[in-house]
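Residue-level structure breakdown
Here's the letter readout for the chains.
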Amino acid sequence: MTRVELRGVTKSFKGQVVVDNVSFTVESGEFFVILGPSGSGKTTTLRIIAGFVEPDSGSILFDGEDVTRARPYERGTAMVFQNYALWPHMTVFDNIAFGLKIKKVPWEEIKKRVKWALELVRLEGYEDRYPHQLSGGQQQRVALARALVVEPRVLLLDEPLSNLDAKLRVEMREELKRLQRRLGITTIYVTHDQVEAMTMADRVAVLNRGRVLQVGTPMDLYFNPANLFVASFVGRNNIFPCRILSLGEGMAEVEVPALNARLRGVPMGRLAEGSRAYVAIRPEFLRLHPPREGEYHVLEATLEMAMFRGDRIEARFTLATGESLVAFLDPEERVRQGAQYKLYVKQANIRILPEPREPHEMPD
Amino acid sequence: MGFYDSLLKRKPRLLDLLAIGVILAVAYYAYYRAYPALAHSPGARPGRLDLLVALAVAALAGWEAYREGLDPYRLRFSSSLGFLTIYGGLAVALIVLLGLTGSAGAFSVFLMPLIAAVVAARAGGRGGREREASTRDSLILGFAGFSMSYLLLFLLAPLAIMLGYSFLTPHGVGLDWFVSMLNSPTYVNPAGIPGDKAVAVLSTPTGKEILIDGRDHGIILNSLINSTLVTIFTTILGTAVAAVLYRYDFPGKEAFKILVLIPMLVTPFINAYAIKTLVGHGGLLSMVTERLFHVRMQVTGLAGVTLAQTMAFYPIVYLNAYASFANIDPSMEEQAENLGARGLKLFFDVLLPLALPGIMAGSTLVFIYSLEDLGAPIVFQQMNMMSPTIYHMLLTQYGSVMPEIAALGVIMLTVALTGFIAAKSFVGLRPYAMLRQRIGEKTPRRLGWKGLLVVYLVVLPFILVTAYPQIAVALIAFKIMPPYAFKIQLHGATLHYMEALFRDPEVSVYLRNTFLYATVATGIIILLALTTAYAAARGRGAILEALDAIATLPLAIPGLVIAVGYFIFFGWLAQALHAEAIDPVNPNFIAAIPIIIAFSVRKLPFAARAAYAGLQQLDASLEEAAMSLGATRLRVLKSIVLPLVGVSLLAGGMISFIYCATEVSVSVTIGNLNPSWSPMTAYMLNQFVGGTAGNIPLVAAMGVVLMLVQLAALATVNAVLKQRYSFIGI
């Protein structure tokens, strides 16, 4: 069980800042996800924690001990790579036993531990196979077993599920989560897939252009995004520019030209009266029926297109201003294209976000 | 606000560079014509100031154009521009070196802006994947230190000392040797010898003879002309044969693919001799022409050298071209066809540009091989070329080395390096050729009857003729063919010469020396290849990354230049260390030491490139995974790297071994200084010098042994790597 702390970590390659003053703390036993689009510096951050990349400045602490200059093999981290990095010349057994042999664990013990690790990932009986004789999912499990068997201080995973097909990915997601819970290993997981981040993480750090934009629980990020980037990157959102008319305790009133409406919503971050801002409404909060409680707004719109998705209907509406809105409707709802509808949205579900000041806060 | 901006009010374009080139060239030429006295004063050669000034101005214009936003991608992706700049660069270098002015000078001024822009694009557009391995890694530093010091001591130091020697003059230090060489008609004679004809028609009492021998333009120009022609011929032939064999299916194709590689089997001297029996006095050519036209036609002298080298070297281009064609994703070709391209258009617009980097690598190697080749000039008795001149001067040295050889070595090195660097930067300019995903399946094309006629009536005879020397060597070794003429006599077949090789102690010593040297050198090579390749592939920083380039550099250095460098270097080292064993001019000289070292440096690139390629294919995450599990760098090397790249390392070592065993340049010079230490190739050469040919069948038998070793090694490499050995890239 190890607490991992990053303090002002910065790294540039050829004059380009890839990781920019990144700080966060991963609590002991936590499942921590670093989420960001490609090129956001998330993999480099992970490699800095593993020791493959040395930061230009800043430090990394494991349980308060500075490991910034420690070699990768001195850190007690175990990494699972995107391409699994199984050694093609070794059997499953040898792959998994490698780390134990390095540690000079006695042979009987090695056999026991490898067996344990294979049971853990449900691959009993595959000891003598070579990596090329395994399916993608099985290779993934071997890579995981290889990392877990050494009982690392920190488990590092670099987009481990991205090479699997959709069904397997869902399965592995649950399996990983189950294992991590059971073993209680501090885990840092890098991904660009927000569904993975939301479903697995205890906490998530959102990265863009090398900067940390928000650290919080999945619910936190989803319901209370700190800025425009997080609001647009995590989940779907309808976002329109607006101007703040008045600012009260937990409530702000804004003028939204795109909707031709004045809306009241929950302010996030630092806002000032009269300034430009953004309003964000998640599609699932746009309903066809008035809510039973709470104050709400009504928007009139024409249904342009409806796509049945099974668990919901994804509907695109057009407003009188010509702007369009996405709403997720109850799958049992019967809607007609071209018809006029009233869309209801609770004020408590509307978020008012500050205008981005720096490029990394801009959605792509 | 730059020059172009203010003048053109827009970003510079490629066409502007050509226009500037024309303007500057015309200006230069007008100036040159206006002051003929300046132009013809011999003391002003070489490197005339006005030419250099014009070149500098033109280069500045090209560089400025790039800086002001000339799109480098056009330069990068245009093959015609690529060719033009490389060979333009080569031409400019030669024109300046040889002090040619006038129209030649104007031509180089014309090309200069383009070359400068391409060079600037190359320098400015660099970039690549960041390597992250730390240079604090002691294993990588140790590897780099070992290989770097070995190469510094035995590659760069001898060349540096040779360079220093070339500036020594009777009255101090200067360019005297270069100036006198470049001004002497013995070395450079652009006008040629009056009355010397490329084709001579003689009337002899027995009938008419036509001698094709080429014109003599002096030692340096002869070499340059010959190497240029050989490069052009081999590039065209090799690419054409590769294109036919790669793209089309026809009966007997697999046999063609084997036959075409036969000339790759190195049989020093004797293969050129076999070609001479084909086209020389009393050869097949003269017999045929006598029968048909009552004229005896012969190819000799320079023309013979060019012919022999073209026949021997075209498979190098073929192999590279074939591998490059095979590397092109068939979907690229299919896409072009889908859009309506076909036939030659398809070939010249899509396939050739994509394969060009590989082809260029092959052509460049041919240029250098041709430059250093001794076999063809000595067998065709064409001594007025650089390589036989250096050979001759080296073997007639007593006591001290004449700076004149060093100067000639420097000139040869300059020519070879210029070509190599130009080609390498060109290859480096086009990394996109390597950018491919999984290669799809190629659908072979059937040939129509016209195509089949071409294949069987043109390609097949050509391949057979080029494979003839190696076949003839085998026939001569068993005396099925007499050593002097084109004739088959089965009744004379004997194993006598093959036996003599192993039984006769006076001959078997050469065999023993060759294999001893090659084996020891290969051991060193494998160690060097592993250390350089690992440090270069996994280390970070300019110096470590340069290691791979330094390990490849010996490819660009003609063997005779190494021989000259070693001759001077070891003489100097012997004096410094008071060690007569390594003094080339001492009777107790142990030639084995410098020969083995020379082998290990000269033939290193084959193994080093194989190891480097293997390491690059090895995903770094395999090593990182081991390190994250607690393995140190050394442990990673032992458990992960060696098991996975060991095979390519050994295969590369095998290739290095066969090139060590067939090495000529150092073997026949330094190896000839003390006969008891001579390797086979030195003995082989000695049978061809001094007027009459010596024991030809025995030389042929040695050739057969060398061929068998090469065949065995290549078969092993193919079996182990499960792929056809394709020639080295640069």
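Note that the structure is predicted; figures quoted are calculated from it, not measured. (Residues numbered from 1 in each chain as written. Chains lettered and ligands numbered in written order. Predicted model: local features only at pLDDT ≥ 70, side-chain atom pairs only at ≥ 80, totals over all residues. Heavy atoms only, no water.)

Let's shift gears to the nonpolar core. Core analysis: the largest hydrophobic core is formed by 288 residues, its most contacted members being Ile188 of chain A together with Phe325 of chain B. No other element matches the 16 residues that helix α16 (residues 343–372) of chain B contributes to this core. Inspection of this core shows a minimum of three residues originating in each of domain 1 (199–494) and domain 2 (513–677) of chain B. Among all residues touching isoleucine 188 of chain A, those that are not within four sequence positions of it are Val4, Val26, Phe32, Ile34, Leu46, Ile49, Val154, Leu155, Leu156 and Leu157 of chain A. Ranked by size, the runner-up nonpolar core spans 33 residues in total, among them Cys242, Ala277, Leu325 and Tyr341 of chain A. (Core = buried A, V, L, I, M, F, W, Y, C linked by side-chain atoms within 4.5 Å. Buried < 20%, exposed > 50% of the residue type's maximum accessible area, 1.4 Å probe, protein only. Helix = DSSP H or I, 4+ residues; strand = E, 2+ residues; numbered from the N terminus. Domains from an automatic or database assignment. Contact = heavy atoms within 4.5 Å.)

What follows deals with the sheet that holds strand β11 (residues 238–248) of chain A. In a beta sheet, neighbouring strands pair by backbone hydrogen bonds and run either parallel or antiparallel. Residues and elements named next belong to chain A. Taken together, five strands build a closed barrel; the order of strands is β11-β12-β13-β19-β14 and the barrel is mixed. On average, adjacent strands in this sheet sit at an angle of 50° to one another, irrespective of strand direction. Bridging between strand β14 (residues 276–281) and strand β19 (residues 350–354) involves five bridges; their strand directions are antiparallel. Across the sheet, tyrosine 278 pairs through a bridge with leucine 353, a residue of β19. (Pairing = 2+ DSSP bridges. Axes fitted to C-alpha atoms, helices over the stretch in contact; angles between N-to-C directions.)

To continue, consider the domain arrangement of chain B. Residue and element names in this part refer to chain B. Here chain B is described as being made up of domain 1 (199–494) and domain 2 (513–677). Here the C-alpha centroids of domain 1 and domain 2 sit 28 Å apart. The interface is formed by 25 residues belonging to domain 1 together with 24 residues belonging to domain 2. Overall, the association of domain 1 and domain 2 removes approximately 2200 Å² of surface from exposure, summing both partners, and the carbon and sulfur fraction of that is 81%. Three residues stand out in domain 1 for area buried against domain 2, namely Glu372, Leu394 and Phe420, and they jointly supply 24% of the buried area on that side. Between the two partners, domain 1 and domain 2, sit one salt bridge. Arginine 602 is the salt-bridge partner of glutamate 372, the closest N and O atoms lying 3.0 Å from each other. The interface formed by domain 1 and domain 2 contains two residue pairs in polar contact (both at pLDDT 80 or more). With eight residues, helix α19 (residues 403–429) is the largest single contributor of residues to the side of domain 1 that touches domain 2. Among the residues making up the side of domain 1 that touches domain 2, the classes are represented as 20 nonpolar, four polar and one charged. (Buried area = accessible area lost by both parts, 1.4 Å probe. Salt bridge = Lys/Arg side-chain N within 4 Å of Asp/Glu carboxyl O. Polar contact = N/O pair within 3.5 Å; in protein donor to acceptor, adjacent residues only side chain to side chain. Nonpolar A, V, L, I, M, F, W, Y, C, P; charged D, E, K, R; others polar.)

A few words now on a nonpolar patch on the surface. All names here are of chain B. A surface patch of nonpolar side chains, amounting to about 410 Å² of accessible area, comprises Ile225, Leu229, Ile232, Phe233 and Ile236. With respect to the helices and strands, isoleucine 225 occurs in helix α10 (residues 219–247). You can call isoleucine 225 partly exposed: its relative accessible area is 35%. (Patch = residues over 30% accessible without salt bridge, like charges linked within 9 Å, V, L, I, M, F, W, Y side chains within 5 Å. Areas by Shrake-Rupley, 256 points an atom, 1.4 Å probe, with all protein chains shown as cover.)

This next bit is on the packing of helix α8 (residues 138–166) of chain B against helix α28 (residues 633–661) of chain B. Residues and elements named next belong to chain B. α28 packs onto α8 with a crossing angle of 75° between their chain directions and a minimal axis gap of 8 Å. In terms of orientation, α8 lies roughly perpendicular with respect to α28. On α28, the residues touching Leu139, Ile140 and Phe143 of α8 are Arg633, Leu634 and Leu637. Of the residues assigned to the contact of α8 with α28, the class counts are five nonpolar, no polar and one charged. (Parallel < 35°, antiparallel > 145°, perpendicular 65-115°, else oblique.)

Further remarks concern the interface of chain A and chain B. In this assembly, 29 residues from chain A lie in contact with 26 residues from chain B. Here chain A and chain B share an interface that buries about 2500 Å² over both sides, 59% of which is from carbon and sulfur atoms. Linking chain A to chain B there are one salt bridge. Note that glutamate 624 of chain B is salt-bridged to arginine 47 of chain A, the shortest N-O span being 2.6 Å. For the pair chain A and chain B, the number of links is seven residue pairs in polar contact (both at pLDDT 80 or more). Those elements giving two or more residues to the side of chain A that touches chain B turn out to be β1 (4–13), β6 (77–80), α2 (92–102) and α4 (136–148) of chain A.

Counted under the stated rule, the structure contains 32 aromatic pairs over all chains. With a centroid separation of 5.2 Å and an interplanar angle of 90°, the aromatic rings of tyrosine 222 of chain A and phenylalanine 223 of chain A are classed as edge-to-face. Consider the rings of tyrosine 314 of chain B and phenylalanine 462 of chain B, whose centres lie 4.9 Å apart with planes at 55°: the pair is tilted. Placement of tyrosine 314 of chain B in helix α14 (residues 301–327) and of phenylalanine 462 of chain B in helix α20 (residues 449–477) is noted, with a sequence separation of 148 residues between them. (Phe/Tyr/Trp six-rings, centres within 6.5 Å; stacked < 30°, edge-to-face > 60°.)

Turning our eyes to something else, we now look at the confidence of the model for chain B. All names here are of chain B. Summing up the model confidence of chain B, the mean pLDDT is 81 and the portion of residues at 70 or higher is 87%. Ranking the elements of chain B by mean pLDDT puts helix α3 (residues 36–40) last, at 55, and helix α25 (residues 592–602) first, at 93. The low-confidence segment residues 42–47 (pLDDT under 50) makes 15 contacts with residues lying over four places distant or belonging to another chain. Of the regions scoring below 50 in pLDDT, residues 429–439 engages in 21 contacts with residues more than four places distant in sequence or in other chains. At the level of chain-chain contacts, confidence expressed as ipTM amounts to 0.79, with global pTM at 0.77. (pLDDT = per-residue confidence, 0-100.)

A word on helix α22 (residues 505–538) of chain B. Between its terminal C-alpha atoms α22 of chain B stretches 49 Å, which fits the 50 Å expected from 34 residues at 1.5 Å a residue. With a side-chain oxygen positioned 2.9 Å from the backbone nitrogen of glutamate 506 of chain B, the residue opening α22 of chain B is aspartate 504 of chain B. (Expected span 1.5 Å × (residues − 1).)

Here the focus is the pattern of salt bridges. Residue and element names in this part refer to chain A. Counted under the stated rule, the structure contains 38 salt bridges over all chains. Here arginine 3 and glutamate 5 are joined by a salt bridge, their closest N and O atoms 3.7 Å apart. Glutamate 109 serves as the salt-bridge partner of lysine 112, at 3.8 Å between the closest nitrogen and oxygen. Residue lysine 112 and its partner glutamate 109 are both found in helix α3 (residues 107–120); the two are separated by three residues, about one turn of the helix.

All names here are of chain B. Between α10 and α16, the shortest axis-to-axis distance is 9 Å and the interhelical angle comes to 140°. In terms of orientation, α10 lies oblique with respect to α16. For α10 against α16, the interelement crossing comes out right-handed. Residues Ser223, Asn226, Ser227, Thr228, Val230, Thr231, Thr234, Thr235, Thr239, Ala243 and Arg247 of α10 touch α16, and the partners they reach there are Leu346, Phe347, Leu351, Leu352, Ile359, Ser363, Val366, Phe367, Ser370 and Leu371. Of the residues assigned to the contact of α10 with α16, the class counts are ten nonpolar, ten polar and one charged. (Left-handed = near helix turned anticlockwise from the far one by under 90°.)

Residue and element names in this part refer to chain A. Judged from the five bridges that link them, strand β12 (residues 251–256) and strand β13 (residues 261–267) form a sheet pairing that is antiparallel. The residue of β13 that forms the bridge with glutamate 253 is arginine 264. Hairpin connection, β12 to β13: the antiparallel pair is bridged by four residues, and asparagine 260 has positive phi, about 50°. Sheet analysis places β13 next to β19, joined by two bridges and oriented parallel. Each residue of the ladder has a partner; that of proline 267, found in β19, is isoleucine 352.

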